[in-house]
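One letter stands for each residue in the lines below.
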Number of protein chains: 2
Amino acid sequence: MKITRTPKSRIDSVDFSNLTFGQNFADHMFVCQYKNGAWQEGEIMPYGKVNLSYSLHALHYGQAAFEGMKAYRKADGKVSVFRPLDNFRRLNISGERLLMPQIPEDIFMEGLMALLKLDEEWVPKSADHSLYIRPFIFSSSEFIAARPSEDYTFVILTSPVGPYYPGSVKVKIEDKFTRATSGGIGFTKAAGNYGGAFYPTHKAIEEGFKQVIWTDHKEHKYIEESGTMNIMVRIGDSLLTPPLSDRILAGITRDSILKLCRDWNLDVQERLISVDELVSAARDGSLKEAFGMGTAAVVSTIDGIGYKNEIFTVPTPKDGFAMKIKKGLTEIRTGLAEDKFSWMHNI
Amino acid sequence: MKITRTPKSRIDSVDFSNLTFGQNFADHMFVCQYKNGAWQEGEIMPYGKVNLSYSLHALHYGQAAFEGMKAYRKADGKVSVFRPLDNFRRLNISGERLLMPQIPEDIFMEGLMALLKLDEEWVPKSADHSLYIRPFIFSSSEFIAARPSEDYTFVILTSPVGPYYPGSVKVKIEDKFTRATSGGIGFTKAAGNYGGAFYPTHKAIEEGFKQVIWTDHKEHKYIEESGTMNIMVRIGDSLLTPPLSDRILAGITRDSILKLCRDWNLDVQERLISVDELVSAARDGSLKEAFGMGTAAVVSTIDGIGYKNEIFTVPTPKDGFAMKIKKGLTEIRTGLAEDKFSWMHNI
């Protein structure tokens, strides 16, 4: 692997006590090109401008998918990545559906590890901070015809981040716009899924909400995701989350929380949750908690749910399951609790 | 408008008798940036590499949409563009749904006209050839957080092209994968719609077809589009095409063909066409013709339709409606027939 170091680190120009999510990039990036039907040798180089053309395929036809994961500074000062092989596999699942070439595991993992070792100082030391890692692949041929690209580029960027969503959020159950359909690409982290979600979210924000709860494509009758996160609700003493399908992202945080809750012998169920059931539970007080689950925010508590001109308050207890889960995950990530699932990958 | 001319034209390096669609770019391009909530002054510059970063928003979140239209060399040697204002309006419809800023008409039209005047020699002189025009807009902030971009870039590229689909194509009625959903972005020319369609199309190609006929998101019971084109079928003496919805692109070629057919007093109907109706008509011989309608190919005749292990042959008569329509549109575009709908926009 060719490594070109930056002549001068930019780390002193970044205020680590005041990080905006995804705005600051570490000194280096990993880049690997797919050309003539084969992956070329990967390369680490300084983060910065590159030469591209406006005929870049991905800008026109959206063959592009990404991942998000995090490296943590453990209590002993060492750096560890949370479940990187799961993100690697999911990126290839997205890639397959978007007809992009599979990324070999050694290119992904060796590139990631070399990059993190080189930029290890960029992993923040403060609590609730981490180094967000963004592996992504996009179509990079330079032609404008509606057919698959021939060339692809796989890149890993990293960015030091603080907490993502401060506080609890009020969300709206979406009954007009749709994020995903059966037979579509909703289960992938395709770029196009996000671009299509901004307008409905903007409309919800105009109505005083922070995000939407997406519902199914046929009748808007079942809840599916919350914004860009998986959703979990607690009704009575049961934790419920919608089952995976080709419309729902197989969240790695979602999977980790399911495993953690089952290990704790909580009653946790993957099953359909109708809007009617959720609204009834909110109305009669049996809805005890609701939260989003995702890499960026880990757990994002919901304190209000809007549906057809009504707004229901949702409790956000300090000693509730959401906080217990967040604490449990954080302790594993920072090395304060045993990593019994072997989730942490030391660099 | 700032205009920087190329020091040396590349036109002599292009073989105009052997053009691959979308591979050759004319000497110049038009670029206009949206920054700090406002469109900046547009600029014409030589087509070529530009400095971008891999954190470019559109590569991650797919806020990106394009248009396709064509400039024709008329019989008198002058150059004329087909319905550019309709493409302009549709690009803004796509942009609205993707939460991108509206492009002012003067930026679009003045940029387009100045660019075409400068590169007029790139409009091919041969029959069935044209200058394909690709206006597009994409999100160009450089951060990686799943929220709308702040900056956008509007670009016009042009590319001399020959005929798009030579001959007739065999298509498969898709009953598993889905292109669009109600409440989604299927009616836009969002980049993400195309990236999501490549894999199902690839599967169809592996089965011996050239394209898929997309069906509805709920039951795969009604036909919607054919590949990247609108679809029209002739059953008996009626020309049928599915009605517009938020799942179907409001094709400008589709609209032109509807107007032309109505002007010719043909029986043309926009109505739901079930797969059952289409298959029955193919089986009993009342399906007389079928074709795709789009800017790139204009009319693309279908000679076979596959559905669940059966393949039905579709006639492609030389004196059929498809050929009559193609000839009619071509004569308007090349100035051989009266432009009674005022579709042609001279440069």
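Residues numbered from 1 in each chain as written. Chains lettered and ligands numbered in written order. Predicted model: local features only at pLDDT ≥ 70, side-chain atom pairs only at ≥ 80, totals over all residues. Heavy atoms only, no water.

Asker: Even after reading the chapter, I still don't get the overall build of chain A, so can you show me in this structure?
Answerer: A count of helices and strands for chain A gives 8 helices and 20 strands. Across its three principal axes, chain A shows a C-alpha extent of roughly 60 × 50 × 35 Å. Residues counted as buried form 61% of the 347 residues belonging to chain A. Contacts in chain A between residues far apart in sequence, at least 24 positions, make up 71% of those at least 6 positions apart. Accessible surface for chain A amounts to roughly 13,300 Å². Of this, 48% is attributable to carbon and sulfur atoms. Computed over 42 positive and 43 negative side-chain charges, the separation of the two mean positions in chain A equals 2 Å. (Helix = DSSP H or I, 4+ residues; strand = E, 2+ residues; numbered from the N terminus. Buried < 20%, exposed > 50% of the residue type's maximum accessible area, 1.4 Å probe, protein only. Contact = heavy atoms within 4.5 Å. Areas by Shrake-Rupley, 256 points an atom, 1.4 Å probe, with all protein chains shown as cover. Lys, Arg positive; Asp, Glu negative; His and termini not counted. Charge placed at Lys NZ, Arg CZ, Asp CG, Glu CD.)

Asker: What is the right way to look at the side chain of A:Ser140 in this model?
Answerer: Residues and elements named next belong to chain A. Assignment of secondary structure puts Ser140 in the loop between strand S9 (130-139) and strand S10 (152-161). Looking at Ser140, its side chain comes within polar contact range of the side chain of Thr153, at 2.8 Å. If we skip the residues at most four places from it in the chain, Ser140 touches Gln33, Leu56, Ser149, Asp151, Tyr152 and Thr153. (Polar contact = N/O pair within 3.5 Å; in protein donor to acceptor, adjacent residues only side chain to side chain.)

Asker: How should I be thinking about the interface of chain A and chain B in this particular structure?
Answerer: Much of the literature gives interface size as the accessible area that the parts lose upon coming together. Counting from both sides, the interface comprises 66 residues of chain A and, opposite them, 66 residues of chain B. Both faces considered, chain A and chain B share a buried interface measuring about 5,700 Å² in area, 62% of it formed by carbon and sulfur atoms. Applying the counting rule to chain A against chain B returns 2 salt bridges. Residues A:Glu142 and B:Lys49 are paired through a salt bridge, measuring 3.0 Å at the closest nitrogen-oxygen approach. The interface formed by chain A and chain B contains 21 residue pairs in polar contact (both at pLDDT 80 or more). The leading source of residues in the side of chain A that touches chain B is helix H1 (residues 57-61) of chain A, at 5 residues. The residue makeup of the side of chain A that touches chain B, split by class, is 34 nonpolar, 24 polar and 8 charged. Direction of pairing for strand S5 (residues 50-52) of chain A relative to strand S5 (residues 50-52) of chain B: antiparallel, over a ladder of 3 bridges. Looking at S5(B), one finds that A:Asn51 is bridged to B:Asn51. (Buried area = accessible area lost by both parts, 1.4 Å probe. Salt bridge = Lys/Arg side-chain N within 4 Å of Asp/Glu carboxyl O. Nonpolar A, V, L, I, M, F, W, Y, C, P; charged D, E, K, R; others polar. Pairing = 2+ DSSP bridges.)

Asker: Quick question: what am I supposed to make of unusual backbone geometry here?
Answerer: Residues and elements named next belong to chain A. Even without being glycine, Arg83 reaches a positive phi, approximately 50 degrees. Here Arg83 is to be found in the loop between strand S8 (79-82) and helix H2 (84-97). Residue Arg83 is classed as buried on the basis of its relative accessible area of 8%. Unusually for a residue other than glycine, Lys308 sits at a positive phi of about 40 degrees. Mapped onto the secondary structure, Lys308 falls in the loop between strand S18 (298-307) and strand S19 (310-313).

Asker: How do you make sense of helix H7 (residues 275-284) of chain B when you look at a structure like this?
Answerer: Because each turn of an α-helix spans 3.6 residues, side chains separated by three or four positions in sequence point in the same direction. Residue and element names in this part refer to chain B. Inspection of H7 places Val275, Leu278, Val279, Ala281 and Ala282 among the buried residues, and these make up the whole buried set. Down the axis of H7, the buried set is contained in an arc of 160 degrees. They therefore lie on one face. Facing away from the buried side of H7 by more than 90 degrees, the exposed set consists of Asp276, Arg283 and Asp284. Backbone geometry just after H7 places Gly285 at a positive phi near 85 degrees. (Arc of directions from axis to C-beta.)

Asker: Looking at this structure, I do not really get the confidence of the model for chain A. What am I missing?
Answerer: Predicted coordinates in areas of low pLDDT are best not read in detail. Looking at chain A, pLDDT values average 96 and 99% of them are 70 or higher. For this predicted complex, the interface score ipTM comes out at 0.97, while the overall pTM is 0.97. (pLDDT = per-residue confidence, 0-100.)

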